[in-house]
Amino acid sequence: MKIVADENMPLVDSLFGELGEVVRLPGRSMSATDVKDADILLVRSVTQVNESLLSGSSVKFVGTATIGTDHVDMSWLESQGIAFANAPGCNAHSVVDYVISALICLCQDEYKSISDLSVGVIGAGNVGRRLITRLKKLGVEVKAYDPFVEDDSLPLVSFDEVLNCDVVSLHVPLTKDGEHPTFHLINEDALRCMKRSAVLINTSRGPVVDNAALKQHLILCSEFKAVLDVWEAEPVVERELLDLVDLGTAHIAGYSLDGKYRGTFQIYTEACKFLGLPMRKRLPQMLPEPDLVQVGFSKESVFEEVFPRLVQVAYDIRRDDRALRRAVLRSTNVAEAFDLLRKNYPTRREFSSLSVKMRKNDSVNCSKFEAAGFKVKVKS
């Protein structure tokens, strides 16, 4: 059995090596010739999986280690009897960590606390729901918009109302058809509806935001802030737009080691089911111990003061912002530099990999750190 996989997917050799021959290739340049004699194809979001790639091939199973599926022609796969699996929720915690790190950075610039903000979450799927839950537990006012969801437990409001929040965070798939397409969901009209001092965060797909309209809005409204992890012409990043956004990164919001391992493992699970084979591996045994395992605070510590520092110890988004700006500034080939940042992304662990040592009688701070996504170890 031949298995062709994106070279940036972790654990592929460890998990799939027992199933057959593994061939690792660059995902963005994967061609029909590369996959013609493959039995299994494993991709990420940069590979367009469609008739052009797979027609005439021997591929019987396609797995994408991503939440989104807009890069996969699932109707064509179904018509050809090719099995398909994605990895819903695999990097949801990683994306939520990213958004919280961004909010902490922006709050520090404004001398605010995260609990002073109102946050509008557009999209109440795997990522959106987790973000809503975590922010509410941190005392943040949250509103949500998702025309496909009916759930009384969620703070659902209209599109116009969610745009009126201090922060608007996007967590939707990219769609161009249907009653509620998300292509250019945030356009000139939507931007005009937002507060002049609002923050727009996009970790979903680049074309969900009209980048040309956003650039003009940022030029005309200096108070407005933007955090972009995804770009409309990705892997090309427009230098002028990058100069205007407050934080810009190379589509790495979901790139925690935990999330990437989880994504590959979910595809491995589905592949074993498809092949009728037993699963011989377990994910927990494959995750390495993080560099930083535990932190502690004095009994005088105030959560509102130490929480921002803890977030930045766990993951400081400014590191990735600096990396992208430096790469774009120095490179004559922005697309190549963008992909290299993703390929060589340093190990990043999720908040949940870090334990906070707390005293037994400090139940209030214990609950707050747990709400933020960290583990809590109680000592007597």
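All figures in this text were calculated on a predicted structure; none of them were measured in a lab. Along each chain, residue indices are assigned from 1 in the same order as the chain's sequence is written. The predicted nature of this model means local features are confined to residues of pLDDT at least 70 and side-chain atom pairs, given and counted, to a pLDDT of 80 or more, with totals for whole chains, interfaces and linings taken over all residues. As a rule here, side-chain values come from all non-hydrogen atoms in the structure, and water together with hydrogens is ignored.

Things to note about the packing of aromatic side chains
Note the cut-off: Aromatic rings from Phe, Tyr and Trp, with only the six-membered ring used for Trp, were paired whenever their centres fell within 6.5 Å, and each pair was classed as stacked if the ring planes differed by under 30 degrees, edge-to-face if by over 60, and tilted otherwise. Only DSSP runs of H or I reaching four residues or more are called helices, and only runs of E reaching two or more are called strands; each is numbered from the N terminus. Between buried and exposed lies partly exposed: a residue is buried under 20% and exposed over 50% of the maximum accessible area for its type, with that area taken using a 1.4 Å probe on protein chains only. Geometrically, a charge over a ring is one whose NZ (Lys) or CZ (Arg) sits within 6 Å of the ring centre while staying within 35 degrees of the ring normal.
The full count for this structure, using the stated rule, is ten aromatic pairs. An angle of 55 degrees between the planes, with centres 5.2 Å apart, marks the rings of Y145 and F159 as tilted. Taken together, the positions of Y145 in strand β7 (residues 141-145) and F159 in helix α7 (residues 159-162) put the pair 14 residues apart, joining distant regions of the chain. Accessibility classification places Y145 together with F159 in one group, the buried group. Three or more aromatic residues joined by ring pairs make a cluster, and in this case those are F297, F303, F307 and F369. Seen from the ring of F183, K176 lies directly overhead, with NZ or CZ sitting 5.0 Å from the centre. We note R348 situated over the ring of Y315; from NZ or CZ to the ring centre the distance is 4.0 Å.

Digging into the UniProt feature "domain: Erythronate-4-phosphate dehydrogenase dimerisation" (unreviewed entry) in the protein chain
Quick reminder of the rule: UniProt positions are given in the numbering used here, feature names are shortened, and annotations may be inferred rather than shown by experiment.
According to UniProt, the feature "domain: Erythronate-4-phosphate dehydrogenase dimerisation" (unreviewed entry) maps to residues 286-364 in the numbering used here. For the annotated span residues 286-364, helix accounts for 48% and strand for 10% of the residues, and the straight-line distance between the end C-alpha atoms is 34 Å.

Looking at unusual backbone geometry
Cis geometry marks the peptide bond from E234 to P235; its omega dihedral reads 15 degrees. Note that P235 resides in the loop between β10 (225-228) and α10 (239-244). For H184, which is not glycine, the phi dihedral falls at a positive 55 degrees. You can see H184 is positioned in the loop between β8 (167-170) and α8 (188-193).

Quick notes on the UniProt feature "domain: D-isomer specific 2-hydroxyacid dehydrogenase catalytic" (unreviewed entry) in the protein chain
Sequence positions flagged by UniProt for "domain: D-isomer specific 2-hydroxyacid dehydrogenase catalytic" (unreviewed entry) are, in local numbering, residues 32-266. In residues 32-266, the share of helix is 34% and the share of strand is 15%. The end C-alpha atoms are 25 Å apart.

A short note on the pairing of strand β3 (residues 40-43)
Worth spelling out the cut-off: A pair of strands counts as paired when DSSP detects no fewer than two bridges linking them.
Burial of β3 is two-sided: the residues I40 and L42 facing one way and the residues L41 and V43 facing the other way are all buried. With three bridges joining them, strand β1 (residues 2-6) and β3 adopt parallel strand pairing. Among the inter-strand pairings, A5 is bridged to a residue of β3, identified as L42.

Observations regarding the state of the cysteines
A covalent bond bridging the sulfur atoms of two cysteines is what the word disulfide describes. Condition: Any cysteine sulfur atom paired with another within 2.5 Å is treated as part of a disulfide.
All chains considered together, the criterion is met by zero disulfides. With no disulfide of its own, C272 lies 17 Å from the sulfur of C90, the closest cysteine sulfur. For C272, a relative accessible area of 2% gives the class buried.

Comments concerning the nonpolar core
This is how the line gets drawn: Only buried residues count toward a nonpolar core. Its members are Ala, Val, Leu, Ile, Met, Phe, Trp, Tyr and Cys residues joined through side-chain atoms within 4.5 Å. The contact criterion used throughout is that any non-hydrogen atoms of two residues lie within 4.5 Å.
Counting 53 residues, the largest nonpolar core has I100, L103, I114, L135, V227, F307 and F374 as its most contacted members. For this core, the elements supplying multiple residues, two or more each, are α5 (92-110), β6 (118-122), α6 (126-137), β7, β9 (199-202), α12 (303-314), β13 (355-359) and α15 (363-372). Ranked by residue count, the leading element in this core is α5, at twelve residues. Excluding residues within four positions of it along the chain, I114 makes contact with L103, I104, C107, L135, V140 and F307. Judged by nonpolar contacts, the second largest core, of 35 residues, contains L191, L218, L228 and V237.

Considerations on the pairing of β9
Using the following cut-off: For a crossover, the right-handed case is the one in which the path from the first strand over the helix to the second runs clockwise, viewed with the strands pointing away from the viewer.
Because side chains alternate across β9, one face comprises the buried residues V199 and I201, and the other comprises L200 and N202, equally buried. Where β8 and β9 come together, four bridges link them in parallel fashion. The partner of V168 across the bridge, within β9, is L200. Here β9 pairs with β10 via four bridges, running parallel. Bridge pairing in β10 places N202 opposite L228. A crossover links β9 with its parallel partner β10, the connecting element being helix α9 (residues 211-220), and its sense is right-handed.

Considering the sheet that holds strand β12 (residues 294-296)
Our working definition: Every angle, taken between N-to-C directions, lies between 0 and 180 degrees, and every axis is a line fitted to C-alpha atoms, over only the stretch in contact when it is a helix.
With respect to topology, three strands assemble into an open sheet ordered β12-β13-β14, the strand pairing being parallel. The outermost strands of the open sheet, each flanked by one partner alone, are β12 and β14 (375-379). On average, adjacent strands in this sheet sit at an angle of 35 degrees to one another, irrespective of strand direction. One ladder, built from five bridges, connects β13 with β14; its direction is parallel. Bridge pairing in β14 links M358 to V378. Against the sheet, α15 makes contact with β13 and β14, and its axis sits at roughly 170 degrees relative to β13, the strand it touches most.

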